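Geometric and topological summary
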Amino acid sequence: MSVRSVYQFSSLLRKCTTLSEISHARITHAQTLVNGFIINVTLQTDLLLAYSKCGLIQDARKVFDRMSDRNMHSWNIMIASYAQDSLYSDAISVFDEFRKLGFRPDHFTLPPLLKASAGVREVYVGKVLHGWVIRLGLEDYVVVGTSVLEFYLKCGDLVDARRVFNSMLWQDTVACNLMISGYAKAGLCAMAMSCFSNMIGKGVKMDSRTIPSILNACGGEGALMRGKEVHGNIVRSPFFSTDVVIGNSLINMYAKCGCLHDSEKVFRNMRQLDLVTWTTLISCYGVHGKGKTSLVLFKKMQERGFEPNCVTLNAVLASCSHSGLIDDARRIFNSMFLKYGFEPSIEHYACMVDLLGRFGHLEEALALVKNMKLAASASIWGALLAGCMMHRNADIGEIAAHYLFELEPRNSSNYIALCSIYESLGDRDGVSTMRSKMKELGLTKTPGCSWITIAGVIHKFYQGDCSHPLAQVIAEMLGQMITVLMLPDAFGRGNHI
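So, here's what we can say about the structure.

The rules behind each value
- Residues numbered from 1 in each chain as written.
- Predicted model: local features only at pLDDT ≥ 70, side-chain atom pairs only at ≥ 80, totals over all residues.
- Heavy atoms only, no water.
- Core = buried A, V, L, I, M, F, W, Y, C linked by side-chain atoms within 4.5 Å.
- Buried < 20%, exposed > 50% of the residue type's maximum accessible area, 1.4 Å probe, protein only.
- Contact = heavy atoms within 4.5 Å.
- 1 Å grid on protein atoms, 1.4 Å probe; cavity = no way out; pocket = protein on both sides within 12 Å on 5 of 7 lines; lining within 4 Å.
- Points joined across faces, edges and corners; volume = space filled by probe spheres on them.
- Helix = DSSP H or I, 4+ residues; strand = E, 2+ residues; numbered from the N terminus.
- Nonpolar A, V, L, I, M, F, W, Y, C, P; charged D, E, K, R; others polar.
- Axes fitted to C-alpha atoms, helices over the stretch in contact; angles between N-to-C directions.
- Parallel < 35°, antiparallel > 145°, perpendicular 65-115°, else oblique.
- Phe/Tyr/Trp six-rings, centres within 6.5 Å; stacked < 30°, edge-to-face > 60°.
- Lys NZ or Arg CZ within 6 Å of the ring centre and 35° of its normal.
- Expected span 1.5 Å × (residues − 1).
- Arc of directions from axis to C-beta.
- Polar contact = N/O pair within 3.5 Å; in protein donor to acceptor, adjacent residues only side chain to side chain.

1. Considering the nonpolar core
- Counting residues in each nonpolar core, the largest one holds 135 residues, and the members touching the most others are Leu149 and Leu384.
- With sequence-adjacent residues up to four places away left out, Leu149 is seen in contact with Ala161, Val164, Phe165, Met168, Ala175, Leu178 and Met179.

2. Describing the layout of surface pockets
- Estimates place the volume of the largest pocket at around 430 Å³.
- Lining the largest pocket we find 25 residues, and of these Asn248, Ser249, Asn252, Val276 and Thr280 sit closest to its centre.
- Residue assignment for the lining of the largest pocket shows that the elements contributing at least two residues are helix H11 (173-185), helix H13 (210-221), helix H16 (244-256) and helix H18 (275-287).
- Broken down by element, the lining of the largest pocket gets its largest block of residues, 7 residues, from H18.
- Partitioning the lining of the largest pocket into residue classes produces 10 nonpolar, 11 polar and 4 charged.

3. Concerning the packing of helix H7 (residues 110-119) against helix H9 (residues 142-154)
- Taken N-terminus to C-terminus, the directions of H7 and H9 make an angle of 0°; their axes are 9 Å apart at the nearest point. The angle between H7 and H9 falls in the class roughly parallel. Each of Pro111, Leu114, Ser117 and Ala118 in H7 lies in contact with H9, whose residues at this interface are Val143, Val144, Ser147, Val148, Phe151 and Lys154.
- Grouping the constituent residues of the contact of H7 with H9 by class yields 7 nonpolar, 2 polar and 1 charged.

4. Comments concerning the packing of helix H20 (residues 310-323) against helix H23 (residues 346-358)
- Contact pair H20 / H23: the axes reach a minimum separation of 9 Å and the direction vectors enclose 5°. For the element pair H20 / H23, the angle class is roughly parallel. Every residue of H23 that contacts H20 at Cys310, Leu313, Asn314, Leu317, Ala318, Cys320, Ser321 and His322 is listed here: Glu347, His348, Cys351, Met352, Asp354, Leu355 and Arg358.
- Across the contact of H20 with H23, the residue classes tally to 8 nonpolar, 4 polar and 3 charged.

5. Quick notes on the packing of aromatic side chains
- Across all of its chains, the model carries 12 aromatic pairs by this definition.
- With a centroid separation of 5.7 Å and 50° between ring planes, the pair formed by Trp75 and Phe103 is classed as tilted. Remark: Phe103 occurs in the loop between helix H6 (88-100) and H7 and Trp75 occurs in helix H5 (residues 72-84); sequence separation between them is 28 residues.
- According to the relative accessible area criterion, Phe103 is partly exposed, its value standing at 24%.
- Taken together through their ring pairs, the aromatic side chains of Phe64, Trp75, Phe95, Phe98 and Phe103 make up a single cluster.
- Here the basic side chain of Arg70 rests over the ring of Phe64, its NZ or CZ set 4.1 Å away from the ring centre.
- In this structure, Arg135 packs its charged tip against the face of Trp132, placed 4.5 Å from the ring centre.

6. Examining the side chain of Thr280
- In this fold, Thr280 is placed in helix H18.
- Classification of Thr280 as buried rests on a relative accessible area of 14%.
- Excluding residues within four positions of it along the chain, Thr280 makes contact with Asn248, Ile251 and Asn252.

7. Comments concerning helix H28 (residues 428-441)
- Between the first and last C-alpha of H28 there are 20 Å, a value that for 14 residues agrees with the 20 Å anticipated at 1.5 Å per step.
- Every buried residue of H28 is accounted for by Gly430, Val431, Met434 and Met438. Down the axis of H28, the buried side of the element spans an arc of 100°, and every buried residue falls inside it. What points out from H28, more than 90 degrees from its buried face, is the exposed set Arg428, Asp429, Lys439 and Glu440.
- Those residues of H28 hidden inside the fold are in contact with helix H26 (394-407) and helix H27 (412-424).
- Capping the start of H28, Asp427 holds a side-chain oxygen 3.3 Å from the backbone nitrogen of Asp429, two or three residues further along.
- Positive phi appears at Gly442, one or two residues downstream of H28, with a value of about 70°.

If you want it as structure tokens, here you go:
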């Protein structure tokens, strides 16, 4: 076997990195077979890598299975390929075989396996892999540490994620982004902003992935000033100021903070718009009760050549729901398949049921749910129950609640909603039955909570809780405001509130 020939074939295979070059890989594969070079481990591994990079996972597996001598590199390629193609169970299966043959994982083996474990929610497997990381002393490899952190975040384990993050020697931009995003997705927006502050304080540079996550956190917390600070950094950077994803995040942040005018300004100043941009502003108008404006923007979007997707249509229907535009919502919903080529999803049905329920069309909403091709989810029955509570309809409310009790037996809000319907109708027996059922299941009502941020400090107020140090002063001021508002000429020119 000529060493030079093997080197030439190897070089050809390593150049095959995209599907468009797969013909070169197949020709080289055939030549190695004809020349009897296929038994060479280096060529087999290069061939395996070529098929994997081109996305031909089945061809890669055939090469892998025929290898008589698999080295560490070939195992890592096969595991990583399955994880890359979201075939997580297959990746874990290959690793099981790998372990049975006595191989030990290295810093290339573990990251794709951690991704696979998170993908199939195999928490136990992921923790075993984390044990391997510690045992083999691989924590200091940035890619390994980041993969462990991402595993815990994807599995929703913020406690262990924070522990891993704090133990990392190199808290780089990627690690900080993961932590900020994890907090924001979990609704812990204050923690996300705290992590961002620490990141900037340590001199870690933010990138195009940091900004959308922190803007999302600012919007969730209503931290307008912090959001404006981030916006200032964006404006000063030519790279960030032209990023479409960042622009979309700014639109969403300002709208969540109640500054719809600023959202419109960001939209107008964006040099490039994508479908997400249009959808975001449509949704923002809807949340602010400007359903007609949402429909105008929806029409304008299509005139500009953008075809709506399922998310856009959901945003339009939600906008109609918030503004009571029943006829417009019916027209869009009924034309989804014929005009846009989409079958209504659970989310679309939920919007329609919410709209019909809000405005008292409860029989039509129930008929829509019963005629669904899909199985109705808790969100749909919940929307119907909310409409029944609003319009004090016990008959349909009991139907919706019955399904919810099966789908969400531990959700106390469903029992409370039906109890409220009974209470509004003076049905003491129904109220007593619901309360007994909640007591039997050990369910309690979650207290309502509101909050406000003043000078960077978050003040939270729970229903029935007077523990805030200024509770008495706040109550007195609130009482005075209510008294003034109840005066006959409260909104006249002579009053300044």
